[in-house]
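# Structural overview for review
Residue-level listing of the chains:
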Amino acid sequence: MPSNGAQIEQILAAQKAYYHDGATLPTAFRVAQLKRLYREITDREQEIVAALQKDLGKSRFESYMCEIGITLSEISYMIKHCRRFAKPKRVRTPLSQFAANSSICPTPYGNVLIMSPWNYPFLLTMEPLVDAIGAGNTAIVKPSAYSPATAAVVRSIIEACFAPEYVAVITGGRAENTALLQQKFDFVFFTGSQKVGKDVLRHTAEHLTPAVLELGGKSPCIVDETAKIRLTAKRIVFGKYLNCGQTCVAPDYILCHKSIKARLIQAICTEIVAQFGEDPLQNPEYGKIINEKHFHRLLSLMDGGNIVHGGQCRRETLQIAPTVMDNVTFADAVMQEEIFGPILPILTYEHTGQIYDMLADRPTPLALYLFTENKKQMVALTGRLRYGGGCINDTIIHLAASNLPFGGMGESGMGAYHGKFGFDTFSHQKAIVNKKTWMDLPLRYHPYSKSYKDKIVRRFLR
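To keep things clear, this report deals only with the structure shown in the data block.

Rules used in this analysis
- Residues numbered from 1 in each chain as written.
- Predicted model: local features only at pLDDT ≥ 70, side-chain atom pairs only at ≥ 80, totals over all residues.
- Heavy atoms only, no water.
- Helix = DSSP H or I, 4+ residues; strand = E, 2+ residues; numbered from the N terminus.
- Rg over C-alpha atoms; globule rule 2.2 N^0.38 Å.
- Buried < 20%, exposed > 50% of the residue type's maximum accessible area, 1.4 Å probe, protein only.
- Contact = heavy atoms within 4.5 Å.
- Areas by Shrake-Rupley, 256 points an atom, 1.4 Å probe, with all protein chains shown as cover.
- Lys, Arg positive; Asp, Glu negative; His and termini not counted.
- Charge placed at Lys NZ, Arg CZ, Asp CG, Glu CD.
- Pairing = 2+ DSSP bridges.
- Axes fitted to C-alpha atoms, helices over the stretch in contact; angles between N-to-C directions.
- Salt bridge = Lys/Arg side-chain N within 4 Å of Asp/Glu carboxyl O.
- Core = buried A, V, L, I, M, F, W, Y, C linked by side-chain atoms within 4.5 Å.
- Disulfide = S-S within 2.5 Å.
- Patch = residues over 30% accessible without salt bridge, like charges linked within 9 Å, V, L, I, M, F, W, Y side chains within 5 Å.

Looking now at the overall build of the protein chain. A count of helical and extended segments in the protein chain gives 15 helices and 18 strands. For a compact globule of 462 residues, the expected C-alpha radius of gyration is about 23 Å, and the protein chain comes in at 25 Å, within 12% of that figure. Seen along its three principal axes, the alpha-carbon backbone of the protein chain occupies a region of about 85 × 55 × 35 Å. Buried residues in the protein chain amount to 53% of all 462 residues. Taking the intrachain contacts of the protein chain between residues at least 6 apart in sequence as the baseline, contacts between residues at least 24 apart amount to 71%. Accessible area for the protein chain stands at about 21,000 Å²; split by element, carbon and sulfur atoms hold 54% of it. Taking the 53 positively charged and 42 negatively charged side chains of the protein chain as two groups, their mean positions are separated by 12 Å.

So, in structure tokens, the structure goes:
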């Protein structure tokens, strides 16, 4: 797909015309497009798997479980429900507006831009696109340049399914990103880093364009003294080292009660061996870091004196073994930025009050995980701490539920999607009052000096 500024303008102009013709508005059309996309993805599963393996070293199973399967599940959900989501919803009309009917009508934004990241390059491109299509929009999709093999497959699938005036793909790097952000879209959906997210928001502000930002952050994993240690370790290892830690909602670090630290570290180290083998770098199902830049960044965060497990790396394959670091403080380099890699620092606390003190003034994370058998602790911590979403006694799995919103707050983003929440994100909730003509109350009209009007209005509007 062409990518210079003038050609992007041409594509966007064609999409605006297509949308204004009303082609995307019928829900039957939207469902038909989603079914076509579903068939194309299932027919080309092997191509997608091969691309993900090339870009990130993902195994076939992980590619399906974490990218292809979740995408198909979202399509199925939207096919089943988007007709209902799109129907106007009648709401109560105040007596002061008698006689009238009031309704909320979900309306597509129109022409949307979807900018996706490299860490889950298929899922995080296709899933917001599914919601955008279900809501009745046209879309321009911009995959990450860091995952070129998957970007090529995404482009091939979309071009096989849709005309460019409906859905188009723009590939490339910073120049293409800049050219896209200079255009006036009706809505922008961005997934990526906080740094780029700020740049996206600056550009959208120029056009007063609404935007959703799905960012990241240092998501804590709190483990108290009542947690079931072996199961806790098993679930933390799964969530932390999935995709080599390159997951926006991966547990970034552990904050555990001091009394259980030694047992927890031992259980985590044992579980790493159980899941990845004695030498994870020889495991064909263990992936790699996306590129040399991030590989060297991660190596710089590892202080050899604090490594209690792992630490090995292979430069020629850009692999870093699952690593655990002990005796870490918030002042250490590994705690100054989102890790986004297979490095797990362990910090401790002595009483619950310290958790609030440690986390209260830190940037709001995208996720938080709490392992405890104490119900009061569950209610207190999940209610008081600020974060986008998370799990109790597990990690990661909340992002795979179509009935739950997925999104951050504060530094970890704004807005949410998945399922009905995704449909609503790509829709404007239009308010409509249908006033009847068979009667017309005189209260609102001049002159206001008549005494009965004041009494009646005050009674209506209390």
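Turning to the sheet that holds strand S2 (residues 100-108), a few remarks are in order. Across the sheet, which stays open at both edges, the three strands sit in the order S1-S2-S18 with antiparallel pairing between neighbours. In this open sheet, the two strands that pair with only one neighbour each are strand S1 (89-91) and strand S18 (427-435). Taking the axes of each pair of neighbouring strands and ignoring which way they run, one obtains an average angle of 30 degrees across the sheet.

Within the structure shown, the criterion is met by 11 salt bridges. Where Glu67 meets Lys58, a salt bridge forms, and the shortest distance between an N and an O atom there is 2.3 Å. A residue is classified by how much of its surface remains accessible, and Glu67, at 0% relative accessible area, is buried. Linking Arg444 and Asp440 is a salt bridge whose minimum nitrogen-to-oxygen distance equals 3.9 Å.

Within soluble globular proteins, side chains that are nonpolar tend to cluster in buried spots. Core analysis: the largest hydrophobic core is formed by 117 residues, its most contacted members being Val223, Ile254 and Ile268. For this core, the element with the highest residue contribution is helix H4 (residues 60-86), accounting for 11 residues. Among all residues touching Ile254, those that are not within four sequence positions of it are Cys221, Val223, Ile236, Leu264, Ile268, Leu344, Pro345, Ile346 and Leu347. Judged by nonpolar contacts, the second largest core, of 18 residues, contains Ile8, Ile11, Ala211 and Leu215.

This next bit is on the environment of Arg459. Its location among the elements puts Arg459 in helix H15 (residues 451-460). Since its relative accessible area comes to 74%, Arg459 is described here as exposed.

In this section: the state of the cysteines. Inspection of the entire model under this criterion finds zero disulfides. In this model Cys82 remains outside any disulfide bridge; the closest cysteine sulfur is found in Cys105, 16 Å from its own. Here Cys391 stays free of any disulfide, with the sulfur of Cys221 as its closest cysteine sulfur at 9.8 Å.

A separate point is the environment of Ala163. Inspection of the secondary structure assignment puts Ala163 in the loop between helix H6 (148-161) and strand S5 (167-169). Between the C-alpha atom of Ala163 and that of Gln15, which follows or precedes it by 148 residues, the distance is 9.7 Å.

Further remarks concern a positive patch on the surface. Taken together, the side chains of Lys35, Arg36, Arg39 and Arg83 define a basic patch exposed on the protein surface. Top element by residues in the positive patch is helix H2 (residues 27-43). It accounts for three residues. In this structure, Arg83 sits in helix H4.

Turning next to the environment of Phe371. Tracing the backbone through its elements, the reader meets Phe371 in strand S15 (residues 367-371). Among the residues examined, Phe371 registers a relative accessible area of 1% and is labelled buried. Once the C-alpha coordinates of Phe371 and Glu225 are considered, the two residues, 146 residues apart in sequence, prove to be 9.1 Å apart. If we ignore the near neighbours within four places in the chain, the residues touching Phe371 are Cys221, Ile222, Val223, Asp224, Ala227, Thr232, Arg235, Ile236, Asn393, Asp394 and Thr395.

In this section: the sheet that holds strand S16 (residues 389-392). An order of S10-S13-S14-S9-S8-S15-S16 is seen for the seven strands of this open sheet, with the pairing classed as mixed. With partners counted over all chains shown, the strands left at the sheet margins are strand S10 (307-309) and S16, one partner each. Strand-to-strand twist across the sheet, computed as the mean angle between neighbouring axes with direction ignored, equals 25 degrees. Of the strand pairs in this sheet, strand S13 (residues 323-325) and strand S14 (residues 343-349) are connected by three bridges, and their pairing is parallel. Note that in S14 the partner of Met325 across the bridge is Pro345.

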